[in-house]
Amino acid sequence: MVETSQKAAVLGWPIQHSRSPLIHNYWLKTYGIVGSYEKIAVDPKNFETFIRSMPDLGFIGANLTIPHKEAIFALADEVDHVASTIGAANTIWWDKGKLHATNTDVTGFMTNLKRSAPDWDKHNGCVAVIGAGGAARGIVYGLLQAGVEEVRIFNRTRERGIELSHRFDVRVKVEDWDNRNQRLADCHTLVNTTSLGMEGNPPLDIDLTQLGQDAVVVDIVYSPLKTPLLAQARKMDLVTVDGLGMLLHQAAPGFTKWFGRRPGITADLRALVVSDLTS
Ligand code: ATR
């Protein structure tokens, strides 16, 4: 019997830096699945036409990255609760002719946090979230779903933090950016959701000394893997969680949906992506 090749892709504009093909093609090869995963630059002007043509081109689904995570809402037949709550979808698939959309960044973030820091939720208190952009929306949603008592938002533009808090419940509080060092005192987890600390960007200027001694510090930036924020946390013997795990964990649900196999997040896969990031 000849197996039919299943095709998936990541769509973005630009797209050249995406590591998603490396991850999905590693899994395809590892599990001997006849299929492919490519990266395709799709100009926002052509987004609708391209999405409509995908089933005829043999695609069973796709990941979406900047700037397509919101545009898909107008085209999808079914948007699930998580994607509609946070206002962004990164994974799509066709089922019986219907286009479905979800967001796997939330589960990617939470799964990675639980695996990398199994004790992170043993403490009462708050989680400090730095930033209030698209990434923060998903992360705040995941934290609230996990039952945290308080999410304390620190964003350079306070109004944007307030806007974000209005999407959620009273557990989300907004603080002044200038108070980010002092107002960490009763927090046991801190998450950087901004691009500060990424290669080519300035570091996140923050002093972690007020955090609890057993605090967990999470950065969603993965290039470099050891950001200045994580370096500061490690020096203080705090538990650190880097951004690569989230990238790997957000990829897994899409792969499962398209190719019918739940992939492993293994040390080999991580090493492969690390070597690509540092080459
Ligand atoms: P994403 O979807 O990746 O979260 P975004 O929506 O553009 O991207 O959000 C970027 C976040 O990084 C925002 O919280 C932004 O703060 P503002 O809302 O004040 O713009 C934050 N950010 C980016 N550059 C920053 C800087 N130099 N200092 C402080 N915060 C910064």
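Residues numbered from 1 in each chain as written. Predicted model: local features only at pLDDT ≥ 70, side-chain atom pairs only at ≥ 80, totals over all residues. Heavy atoms only, no water.

A closer look at the packing of aromatic side chains
1) Next: With the rule as written, the count across this model stands at five aromatic pairs.
2) Next: Measuring from centroid to centroid gives 6.5 Å for Tyr31 and Phe255, while their planes differ by 55°, and the two rings are tilted. Of this pair, Tyr31 sits in the loop between helix H1 (20–30) and strand E2 (35–41) while Phe255 sits in helix H8 (residues 244–259), placing them 224 residues apart in sequence.
3) Next: With a relative accessible area of 0%, Phe255 lands in the buried category.
4) Next: An angle of 45° between the planes, with centres 4.9 Å apart, marks the rings of Phe255 and Phe259 as tilted. Of this pair, Phe255 and Phe259 both sit in helix H8, four residues apart, roughly one helical turn. Pair check on accessibility: Phe255 and Phe259 agree, each one buried.
5) Next: Grouped by ring-pair contacts, the aromatic residues Trp27, Tyr31, Tyr37, Phe255, Trp258 and Phe259 constitute a single cluster. (Phe/Tyr/Trp six-rings, centres within 6.5 Å; stacked < 30°, edge-to-face > 60°. Helix = DSSP H or I, 4+ residues; strand = E, 2+ residues; numbered from the N terminus. Buried < 20%, exposed > 50% of the residue type's maximum accessible area, 1.4 Å probe, protein only.)

Brief notes about the sheet that holds strand E8 (residues 150–154)
1) Next: Sheet architecture is open: six strands sit in the order E9-E8-E7-E10-E11-E12, paired in parallel fashion. Of all strands in the sheet, those bounded by a partner on one side alone are strand E9 (172–175) and strand E12 (239–241). Sheet twist, expressed as the average angle between the axes of neighbouring strands with direction ignored, equals 20°.
2) Next: The sheet contact formed by strand E10 (residues 187–192) and strand E11 (residues 216–219) spans four bridges and is parallel. Residue pairing in the sheet places Thr189 in a bridge with Val216 of E11. (Pairing = 2+ DSSP bridges. Axes fitted to C-alpha atoms, helices over the stretch in contact; angles between N-to-C directions.)

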